[in-house]
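# A look at the structure
Now for the letters of each chain:
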Amino acid sequence: MSFFTPKTGSSAESVPKHTVDPRLQPWVEKYRPKTIDEVSAQEHTVAVLRKTLTSTNLPHMLFYGPPGTGKTSTILALARQLFGPDNFRNRVLELNASDERGISIVRDKIKNFARQTPRAQAVASDGKSYPCPPYKIIILDEADSMTQDAQGALRRIMETYARITRFCLVCNYVTRIIEPLASRCSKFRFTPLDSKSSFSRLSYIATAEHIDTNPAVINALISTSSGDLRRAITYLQSASRLSSSTIPPTPILPSDIQEIAGVVPDAVINKFSGILGVEKKTSFESINKEVKSLMREGYSATQILSQLHDVVILHPTLTGRQKSLCALVFAEADKALCDGADEELWILEAGLRIHKAVS
Amino acid sequence: MSLWVDEYRPRTLDALHYHRGLSERLKSLASSGDFPHMLFYGPSGAGKKTRITCTLRQLFGNGVEKLKIDQRIFLSPSKRKLEINIVQSNFHIEITPSEAGNYDRLVIQELLKEIAQTQQVDLNAKQRFKVVIINEADSLSRDAQAALRRTMEKYMSNMRIILCANSTSKLIAPIKSRCLLMRVPAPSPEEMLNVLELVARRAGFDLPPEAGMKIVDDCGGNMRKAILVLEALKMQSPDLTGPLTIAKPDWETYCHKVADLIVSEQSPARVMEVRAKFYELLSHCIPPTVILKTVAERVVEKVDESLKADVMHWAAFYEVRMRIGSKKIFHLEAWAVKVMSLYKHFFYDIDMSAFD
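Computed from a prediction, not measured in an experiment: that's the story for all the values here.

### Overview of the overall build of chain A
Looking only at helices and strands, one finds 16 helices and 5 strands in chain A. Expressed as a percentage of its 359 residues, the buried residues of chain A come to 51%. Relative to all contacts within chain A whose residues are 6 or more apart in sequence, the contacts with residues 24 or more apart total 76%. With the model as given, the accessible surface of chain A reaches about 17400 Å², and the carbon-plus-sulfur share is 56%.

Dropping the structure here:
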């Protein structure tokens, strides 16, 4: 064995103290993709980024898409593959919404980091060779929560130091990024995961964690999380915690997943929609009573609305006109709830108006 | 001598009276060592807080009961001083960020980072992490919630967060997806009656079943209120027999009076009268939403079936406006006038559809 190649034994001792026991680590972190090839779905984006790995030339980038589609994972994996673990610290600056990101930080911290000439490449301790191109990467996670002013201040910085620093903005809503910034970046759209790739990733994790899951459970996970892989993984972990903590361990059931996800049971929703007169006529008093009891059960109003929406819109016998009237009600109620309106009043209001629309 | 609510509050997960399944889950989670972030939600008085303290006790033992209250000073970016009260023990810390108003993001950032970056020093501690309890999490601003997102993942080894909220509607999806959701529904009438009887027995008297039923009916699933009412009734008539009258709070009878005024006569003079009453209520710090809801419910009881839906519709409509707008009284008045005109036109049978 060569003197310069590190021994495998020593790396375990030099692990910094703050690393988490892998058993307690959230699976979302544990199974974050290590290379961009591991990123589920997003073939188009990955294909483009793989090219940059070989040519080591990177544009400024803007990643956008719904939560849990792998935006942060992709850029972190890419940076890791470009620089390797040793250079990662001094070549990458990651800022997210938990850090103060006002205009003063852009002017001081980001600008200072951006203007530094990248340090010489440290010898990779794990024996692999990394491309380690001569620039640094600044990752601005959750960039849509940055203020307009702070974004404005970035404009010139991005251009001036483009030679030695590349920016990667990550956000959910591309419309909240000001136009001058967006036009400086090449945009990558991340689409919600299709159920096939979610399925394969979830079953991979399940086997790696030795949980015995049947396809029904994984399908329940996929349907409750609607394309958000992080949510699906968190639910899977919570479910396995609950099931393994009882003695003897009980198998995970699809209904457990629904309870963890805060989904209102179908029976409750069907009863409510029945009382609203989707099936037959009822009185004001019975609707009022049902709404009160729903609220006492503690279900969340937005969840009730979205599930009721599915019931009404997919209903086989209601006419198109009735469904359209209901759709209007749902839209208004959702807006009201977003504005912080009282939940009980608005569920009642939505219920009464649906009742009126369908009768 | 403390209130019965506090005196007979269950201290351990085993002592909890209802939602057995939930207690079992909490117990097994707390002892497994692999404790997730949690979000407790449910109506008020259902026992969220009691469950949280019991879980903490299960996690850390008796040490969590040694509480101290600390006043911390935070400096806002514009150099304004914010004083926040923090309840803490060696193992957990409890904050109500809505105290900080617009600056809750700052408090969350500073406090959580400080806790997250320090490790538990007490070698005898059962767990390596500290717990941060955030009360009234549904009143956290969007910014503050966004600030929580990454912190919750990054510092998982040193800290767990327990959020306590009335509803999950106002929490952003990324937070919900990082927590284990725990729904705490209100107890059923039988469960409440059971608990009331237990409290009565421990206080040294027997609860007549009729009195118990009456209290349960009146409190609508709010356990805390039920026990408080029980104590108040006991003070009024020590033997708890005969016709019991549960005293309604003043504001509630006052609201009912307003509703009666609206229904009995519809004229500009009456609007002025109602307005004065609304002002009176507002100046006594009754939340405008509560006023609107109570009055509307009373009005609905008294009007014709075909009007009920409309009355509630406008109540919901003006309630949202009240949230967005700044002057509450305008919207209360607007609603009162709207209801009066609806009522009057219903009687004289005029078609109002053109005026909507």
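Now that the structure is up, let's keep going.
### Examining the overall build of chain B
What chain B contains, in helices and strands, is 14 helices and 7 strands. For chain B, the C-alpha atoms occupy an extent of roughly 80 × 60 × 35 Å along the three principal directions. The burial tally for chain B puts 54% of its 356 residues in the buried class. For chain B, long-range pairs separated by at least 24 residues make up 70% of all intrachain contacts whose partners lie at least 6 apart in sequence. Separation between the mean location of the 50 positive side-chain charges and that of the 43 negative ones in chain B comes to 8 Å.

### Here we look at the packing of helix H7 (residues 189–203) of chain B against helix H9 (residues 223–236) of chain B
Residue and element names in this part refer to chain B. The N-to-C vectors of H7 and H9 enclose an angle of 40 degrees; their axes lie 11 Å apart at closest approach. Judged by the angle between their axes, H7 and H9 are oblique. For the crossing formed where H7 meets H9, the hand is right-handed. In this structure, H7 uses Met192, Val195, Leu196 and Val199 to contact H9, whose residues at the interface are Met223, Ala226, Ile227 and Leu230. Looking at the contact of H7 with H9 residue by residue, the classes come out as 8 nonpolar, no polar and no charged.

### Re the interface of chain B and chain A
Across the boundary between the two partners, chain B contributes 54 residues, which contact 53 residues of chain A. Seen at the junction of chain B and chain A, the total is 5 salt bridges. Ionic pairing is found between Lys293 of chain B and Asp342 of chain A, a salt bridge with its closest N-O pair at 3.0 Å. Remark: the boundary between chain B and chain A carries 17 residue pairs in polar contact (both at pLDDT 80 or more). Mapped by element, the contributors of at least two residues to the side of chain B that touches chain A are helix H2 (20–32), helix H4 (104–116), helix H5 (142–154), helix H6 (173–178), strand E7 (180–183), helix H12 (288–302) and helix H13 (305–324) of chain B. Here the residues of the side of chain B that touches chain A sort into 21 nonpolar, 16 polar and 17 charged.

### Some details on the pattern of salt bridges
Enumeration according to the criterion identifies 27 salt bridges over all chains in this entry. Two residues, Arg298 of chain B and Asp260 of chain B, come together in a salt bridge whose shortest N-O distance is 3.7 Å. Residue Arg298 of chain B is found in helix H12, and its partner Asp260 of chain B is found in helix H10 (residues 250–264); the two are separated by 38 residues along the sequence. As a salt-bridge pair, Arg323 of chain B and Glu319 of chain B come within 3.0 Å of each other at their nearest N and O atoms. Of this pair, Arg323 of chain B and Glu319 of chain B both sit in helix H13, separated by 4 residues, roughly a single helical turn. Judged by relative accessible area, which is 35%, Arg323 of chain B ranks as partly exposed. The structure contains a network of salt bridges with shared partners spanning Lys292, Asp342 and Glu344 of chain A together with Lys293 and Glu297 of chain B.

### Describing the domain arrangement of chain B
Residues and elements named next belong to chain B. Taken as a whole, chain B is organised into domain 1 (4–183), domain 2 (189–236) and domain 3 (250–348). When each unit is reduced to the centre of its C-alpha atoms, the spacing between domain 1 and domain 2 is 30 Å. Taken together, the contact pairs 9 residues of domain 1 with 16 residues of domain 2. It is Trp4, Val5 and Tyr8 in domain 1 that bury the most area against domain 2; as a group they hold 57% of the surface buried on that side. Taken together, the links from domain 1 to domain 2 amount to 2 residue pairs in polar contact (both at pLDDT 80 or more).

### Details of the nonpolar core
By size, the foremost hydrophobic cluster in this structure holds 67 residues, and its most contacted members are Ile304 of chain A together with Ile262, Phe278, Val295, Val299 and Trp335 of chain B. In this structure, Trp335 of chain B is in contact with Ile262, Leu292, Val295, Ala296, Val299, Val311, Trp314, Ala315 and Tyr318 of chain B, ignoring residues within four places of it in sequence. In this structure, Val217 and Leu229 of chain A together with Leu59 and Cys164 of chain B belong to the second largest nonpolar core, which totals 51 residues.

### Some details on a nonpolar patch on the surface
Among the surface-exposed residues, Phe346, Phe347 and Tyr348 of chain B lie close enough to one another that they form a single nonpolar patch of about 370 Å² accessible area. Within the secondary structure, Phe346 of chain B is located in helix H14 (residues 328–348).

### Overview of the pairing of strand E1 (residues 61–64) of chain A
Residues and elements named next belong to chain A. Of the two faces of E1, both are covered, the one formed by Met61 and Phe63 as well as the one formed by Leu62 and Tyr64. Pairing of E1 with strand E4 (residues 165–171), which is carried by 4 bridges, proceeds in the parallel orientation. Following the sheet pairing, Tyr64 is matched in E4 by Cys171. Pairing of E1 with strand E5 (residues 186–189), which is carried by 4 bridges, proceeds in the parallel orientation.

### Section: the sheet that holds strand E3 (residues 81–88) of chain B
Residue and element names in this part refer to chain B. Overall, mixed pairing links the 7 strands, which are arranged E2-E3-E4-E5-E6-E1-E7 in an open sheet. At either margin of the open sheet sits one strand with a lone partner, and together these are strand E2 (68–75) and E7. Between one strand axis and the next, the sheet turns by 25 degrees as a mean value, whatever way the strands run. Relative to strand E6 (residues 159–165), strand E5 (residues 130–134) runs parallel, the two being bridged by 5 bridges. Its bridge partner lying in E6, Lys130 is registered against Met159. In this fold H4 packs onto E2, E3, strand E4 (92–95), E5 and E6, with an angle of close to 120 degrees to the strand it touches most, E2.

### Some thoughts on the sheet that holds E4 of chain A
Residues and elements named next belong to chain A. Spatial ordering of the open sheet is given by E2-E3-E4-E1-E5, a layout of 5 strands whose pairing is parallel. The sheet terminates laterally at strand E2 (92–95) and E5, the two strands that pair on one side only. Strand-to-strand twist of the sheet, defined as the mean angle between neighbouring strand axes without regard to direction, takes the value 15 degrees. On the sheet, helix H3 (residues 43–55) packs against E1 and E5 and is oriented at approximately 140 degrees with respect to E5.

### What about the state of the cysteines?
Across all of its chains, the model carries 0 disulfides over all chains by this definition. Free cysteine: Cys132 of chain A, not disulfide-bonded; nearest cysteine sulfur from Cys168 of chain A at 18 Å. Judged by its relative accessible area of 8%, Cys132 of chain A falls in the buried class. No disulfide involves Cys219 of chain B; its sulfur sits 18 Å from that of Cys255 of chain B, the nearest cysteine. By relative accessible area, which is 6% here, Cys219 of chain B ends up buried.

### A word on the side chain of Ser238 of chain A
With respect to the helices and strands, the residue Ser238 of chain A is situated in helix H10 (residues 229–245). For Ser238 of chain A, a relative accessible area of 2% translates into the label buried.

Cut-offs used in this document
Residues numbered from 1 in each chain as written. Chains lettered and ligands numbered in written order. Predicted model: local features only at pLDDT ≥ 70, side-chain atom pairs only at ≥ 80, totals over all residues. Heavy atoms only, no water. Helix = DSSP H or I, 4+ residues; strand = E, 2+ residues; numbered from the N terminus. Buried < 20%, exposed > 50% of the residue type's maximum accessible area, 1.4 Å probe, protein only. Contact = heavy atoms within 4.5 Å. Areas by Shrake-Rupley, 256 points an atom, 1.4 Å probe, with all protein chains shown as cover. Lys, Arg positive; Asp, Glu negative; His and termini not counted. Charge placed at Lys NZ, Arg CZ, Asp CG, Glu CD. Axes fitted to C-alpha atoms, helices over the stretch in contact; angles between N-to-C directions. Parallel < 35°, antiparallel > 145°, perpendicular 65-115°, else oblique. Left-handed = near helix turned anticlockwise from the far one by under 90°. Nonpolar A, V, L, I, M, F, W, Y, C, P; charged D, E, K, R; others polar. Salt bridge = Lys/Arg side-chain N within 4 Å of Asp/Glu carboxyl O. Polar contact = N/O pair within 3.5 Å; in protein donor to acceptor, adjacent residues only side chain to side chain. Domains from an automatic or database assignment. Buried area = accessible area lost by both parts, 1.4 Å probe. Core = buried A, V, L, I, M, F, W, Y, C linked by side-chain atoms within 4.5 Å. Patch = residues over 30% accessible without salt bridge, like charges linked within 9 Å, V, L, I, M, F, W, Y side chains within 5 Å. Pairing = 2+ DSSP bridges. Disulfide = S-S within 2.5 Å.

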